[in-house]
Amino acid sequence: MPRAGLDAEAVVSAAAQLADADGLEAVTLARVATALRVRPPSLYAHIPGGLADLRRRVGSRGARELGQALQAAAAGRARGDALRAVADAYRAFAREHPGTYAALQPAPEPDDEAQLAAGSSAVDVVLAVLRGYGLEGDAALHATRAIRASLHGFVSLERGGGFGIPLSLDESFERLVVLLDSGLREWQALATR
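### Side note on helix α6 (residues 113–131)
Alright, step 1. Over its 19 residues, α6 runs 25 Å from end to end, which matches the ideal 27 Å to within 8%, given 1.5 Å per residue.
Alright, step 2. Ser-121 marks where α6 bends most, by close to 35°.
Alright, step 3. Among the residues of α6, Gln-115, Ala-118, Ala-122, Val-125, Val-126, Leu-127, Val-129 and Leu-130 are the ones counted as buried.
Alright, step 4. Two to three positions downstream of the cap, the backbone nitrogen of Ala-114 sits 3.2 Å from a side-chain oxygen, assigning the N-cap of α6 to Asp-112.

Structure below.
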């Protein structure tokens, strides 16, 4: 008999908390079951696909949460101001939820509509920001990849201790955003020629 109050959302929440505290690799069915005070087989009633399914669900939830954070940051802003707010929100999310952030990195499965919808929530915000630069279609998708690669690279290096020079990381991040803004403005100029 399932434990009262235990459902898929509770299992995903416990897994996300564990991932953020100890890293995504620390998320195992045994550890999540221990955190929830149930036996590991009990989790299959709520997460039938096992560990891979659980980690995918943590990633989908994280993608939705990231999308919400980016949306809130971008609201009422345009161009460089919106880009800066989105970049700051992205970095804050990665810092505050490192395991969840790691779980949302793989591309969604092409036939998983829920995962695709979750993944598109953050992308849609970036595409809206890029419309302010006059970028749409494939140009906007390429720019989205460039922004994601830049922000992900920075937060991954920051988290992993990859910046060893004693220089302000906040200033380096600000300069990265200025560089992205400048590049997007140039990209817009090229697109209108």
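Still more ground to cover, so stick around.
### As for the pattern of salt bridges
Alright, step 1. Scanning the model with the defined rule gives 15 salt bridges in all.
Alright, step 2. Where Arg-84 meets Glu-174, a salt bridge forms, and the shortest distance between an N and an O atom there is 3.1 Å. Residue Arg-84 is found in helix α4 (residues 79–96), and its partner Glu-174 is found in helix α8 (residues 169–191); the two are separated by 90 residues along the sequence.
Alright, step 3. On the basis of relative accessibility, which here comes to 25%, the residue Arg-84 falls in the partly exposed class.
Alright, step 4. The exposure class assigned to Glu-174 is partly exposed, which follows from its relative accessible area of 31%.
Alright, step 5. The residue Glu-158 makes a salt bridge to Arg-95 at a minimum N-O spacing of 2.7 Å. Of the two residues, Glu-158 is situated in helix α7 (residues 137–159) and Arg-95 in helix α4; the sequence distance between them amounts to 63 residues.
Alright, step 6. Under the relative-accessibility criterion, Glu-158 is labelled buried at 17%.

### Thoughts on the packing of α4 against α7
Alright, step 1. Two numbers describe how α4 lies on α7: the axes approach to 10 Å, and their chain directions differ by 40°. Judged by the inter-axis angle, α4 sits oblique to α7. Here the hand of the crossing between α4 and α7 comes out right-handed. Of the residues in α7, those in contact with Leu-83, Ala-87, Tyr-90, Arg-91, Ala-94 and Arg-95 of α4 are Ile-147, Arg-148, Leu-151, His-152, Phe-154, Val-155 and Glu-158.
Alright, step 2. Among the residues making up the contact of α4 with α7, the classes are represented as eight nonpolar, one polar and four charged.

Criteria and thresholds
- Residues numbered from 1 in each chain as written.
- Predicted model: local features only at pLDDT ≥ 70, side-chain atom pairs only at ≥ 80, totals over all residues.
- Heavy atoms only, no water.
- Helix = DSSP H or I, 4+ residues; strand = E, 2+ residues; numbered from the N terminus.
- Expected span 1.5 Å × (residues − 1).
- Bend = angle between axes of the 7 residues up to and from the residue.
- Buried < 20%, exposed > 50% of the residue type's maximum accessible area, 1.4 Å probe, protein only.
- Polar contact = N/O pair within 3.5 Å; in protein donor to acceptor, adjacent residues only side chain to side chain.
- Salt bridge = Lys/Arg side-chain N within 4 Å of Asp/Glu carboxyl O.
- Axes fitted to C-alpha atoms, helices over the stretch in contact; angles between N-to-C directions.
- Parallel < 35°, antiparallel > 145°, perpendicular 65-115°, else oblique.
- Left-handed = near helix turned anticlockwise from the far one by under 90°.
- Contact = heavy atoms within 4.5 Å.
- Nonpolar A, V, L, I, M, F, W, Y, C, P; charged D, E, K, R; others polar.

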